[in-house]
Amino acid sequence: MLPGCPHEPARRLIRRFVAAGLVCLAIDGSSAARAFAQAAAPFPEIPLQPPGGGRTHGWAYLALVAGAAMIGGSFVLAEQADDTYGEYLAATDPGQIEELYDRTVVYDRAAQASLLTGEALVVTGLYLRFIRRPKPARIGLDLRPNRCALALRF
């Protein structure tokens, strides 16, 4: 630059502003870098507990299977009642007619009871499996670092 240039004071002022900006950026950048380094630290791992406290749904599945078996059994009993009723209609001996009618009523009532009980078991199994949440154990043994060995929950 020429020493007598009219723009020299303005250029010095601009250089000072740029230098001050670079110093601020360097200071701000180093704290930003430290903040980024702090934020980049790994988060502590928190183990997730399985839903329901790790309990199985054995009673629910047992109720569902038993209910399905009883519903299927009710159809077998209803078919047996229909067959016995057909024999009752074809019978001519009065003693045999009375015995076939009584057997038909027993099969029919057993089929109704089996169907209703099976439906109740299926509903109970669905409730136990999907709606009811099992209560956590009140006393448990918890063997992990930084934990109590015996836990009492309220």
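Computed from a predicted model, the values in this text were never measured in an experiment.

For the rest of this paragraph, the subject is the overall build of the chain. For the chain, the helix and strand inventory stands at three helices and two strands. Reading the chain from its N end, one meets helices and strands in the order α-α-α-β-β. When burial is assessed residue by residue, the chain has 10% of its 154 residues classed as buried. Long-range pairs, those at least 24 residues apart, make up 60% of the contacts in the chain between residues at least 6 apart in sequence. Here the chain has roughly 12,800 Å² of accessible surface; of this, 66% comes from carbon and sulfur atoms.

Here the focus is helix α3 (residues 94-131). When the terminal C-alpha atoms of α3 are compared, their 54 Å separation across 38 residues agrees well with the 56 Å that a helix rising 1.5 Å per residue should span. Of the positions making up α3, those classed as buried are L100, T104, A111, S114, G118 and G125. Lining the buried residues of α3 we find α2 (58-90).

The next subject is the confidence of the model for the chain. Averaged over the chain, the pLDDT score is 79; the fraction of residues at 70 or greater is 60%. Across the chain, the element-wise mean pLDDT spans from 58 in strand β2 (residues 150-152) up to 97 in α2.

Looking now at the packing of α2 against α3. The relative placement of two packed helices is expressed as an angle between their axes plus a distance between the axes. One way to put it is that α2 packs onto α3 with a least axis distance of 7 Å and a crossing angle of 160°. It follows from the interaxial angle that α2 and α3 lie roughly antiparallel. As for how α2 packs across α3, the hand of that crossing is left-handed. Here the contact of α2 with α3 is composed, by residue class, of 25 nonpolar, 10 polar and five charged.

The next subject is the packing of aromatic side chains. All told, the structure shown has two aromatic pairs when counted by the stated rule. Aromatic rings pair up to connect Y85, Y88 and Y101 into one cluster.

Here we take up the side chain of S74. Inspection of the secondary structure assignment puts S74 in helix α2. Beyond its immediate stretch of four places on either side in the chain, S74 contacts A111, S114 and L115.

Thresholds, definitions, all that
Residues numbered from 1 in each chain as written. Predicted model: local features only at pLDDT ≥ 70, side-chain atom pairs only at ≥ 80, totals over all residues. Heavy atoms only, no water. Helix = DSSP H or I, 4+ residues; strand = E, 2+ residues; numbered from the N terminus. Buried < 20%, exposed > 50% of the residue type's maximum accessible area, 1.4 Å probe, protein only. Contact = heavy atoms within 4.5 Å. Areas by Shrake-Rupley, 256 points an atom, 1.4 Å probe, with all protein chains shown as cover. Expected span 1.5 Å × (residues − 1). pLDDT = per-residue confidence, 0-100. Axes fitted to C-alpha atoms, helices over the stretch in contact; angles between N-to-C directions. Parallel < 35°, antiparallel > 145°, perpendicular 65-115°, else oblique. Left-handed = near helix turned anticlockwise from the far one by under 90°. Nonpolar A, V, L, I, M, F, W, Y, C, P; charged D, E, K, R; others polar. Phe/Tyr/Trp six-rings, centres within 6.5 Å; stacked < 30°, edge-to-face > 60°.

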